[in-house]
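# Descriptive structure summary
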Amino acid sequence: MLTNEKEYNGYLFDQLTILDDLEEIAEKEEAKETLKVIAKKRKQIERKLYQKPPLVSK
């Protein structure tokens, strides 16, 4: 269970790091469909990460 928004954001940044690694491999292999899915997932994660207002009100 998440304890706070900072921890949740940490998980989202971890997911972005994983996508970066996968994107690097997909570019080397010229996997265009995979790159499309990675871009879609990145947008979904960033939408959660940078949402306004934040998840928790202060």
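These figures come from a predicted structure and were not determined experimentally.

A word on the nonpolar core. Core analysis: the biggest nonpolar cluster contains eight residues, these being L12, L16, L19, A26, A31, I38, I45 and L49. Of all the secondary structure elements, the ones that give two or more residues to this core are α1 (5–28) and α2 (32–49). If one sorts the elements of this core by residue count, α1 sits on top with four residues.

Turning our attention to the pattern of salt bridges. This model, assessed by the stated rule, comprises four salt bridges. As a salt-bridge pair, D20 and R42 come within 3.1 Å of each other at their nearest N and O atoms. Taken as a pair, D20 in helix α1 and R42 in helix α2 lie far apart in primary sequence, 22 residues in all. Since its relative accessible area comes to 17%, R42 is described here as buried.

We now examine the environment of Y50. Tracing the backbone through its elements, the reader meets Y50 in the segment after α2. Sequence separation between Y50 and N9 is 41 residues; the distance between their C-alpha atoms is 9.2 Å.

The phi torsion at E30 lies on the positive side, around 55 degrees, for a residue other than glycine. The residue E30 is located in the loop between α1 and α2 in this model.

Moving on, we come to α1. Counted at 1.5 Å a residue, the expected span for α1 with its 24 residues is 34 Å, and the 35 Å between its end C-alpha atoms agrees. Three or more residues of α1 are buried, namely N9, L12, L16, L19 and A26. In this fold, the buried residues of α1 make contact with α2. Two or three places before K6, at the start of α1, stands the capping residue N4, its side-chain oxygen 3.1 Å from that residue's backbone nitrogen.

On to a positive patch on the surface, then. Among the surface-exposed residues, K40, K41, K43, R47 and K48 lie close enough to one another that they form a single positively charged patch. Relative to the helices and strands, K48 resides in helix α2.

The next point concerns α2. Helix length check: α2, at 18 residues, gives a terminal C-alpha distance of 26 Å against a target of 26 Å (1.5 Å per residue), a fit within 8%. Buried within α2 are the following residues: I38, R42, I45 and L49. One side of α2 holds all its buried residues, which, seen down the axis, span an arc of 70 degrees. Residues of α2 that are exposed and point over 90 degrees away from its buried face: K32, E33, K36, K40, K43 and R47. Where α2 is buried, its residues touch α1.

Parameters and conventions
- Residues numbered from 1 in each chain as written.
- Predicted model: local features only at pLDDT ≥ 70, side-chain atom pairs only at ≥ 80, totals over all residues.
- Heavy atoms only, no water.
- Core = buried A, V, L, I, M, F, W, Y, C linked by side-chain atoms within 4.5 Å.
- Buried < 20%, exposed > 50% of the residue type's maximum accessible area, 1.4 Å probe, protein only.
- Helix = DSSP H or I, 4+ residues; strand = E, 2+ residues; numbered from the N terminus.
- Salt bridge = Lys/Arg side-chain N within 4 Å of Asp/Glu carboxyl O.
- Expected span 1.5 Å × (residues − 1).
- Contact = heavy atoms within 4.5 Å.
- Polar contact = N/O pair within 3.5 Å; in protein donor to acceptor, adjacent residues only side chain to side chain.
- Patch = residues over 30% accessible without salt bridge, like charges linked within 9 Å, V, L, I, M, F, W, Y side chains within 5 Å.
- Areas by Shrake-Rupley, 256 points an atom, 1.4 Å probe, with all protein chains shown as cover.
- Lys, Arg positive; Asp, Glu negative; His and termini not counted.
- Charge placed at Lys NZ, Arg CZ, Asp CG, Glu CD.
- Arc of directions from axis to C-beta.

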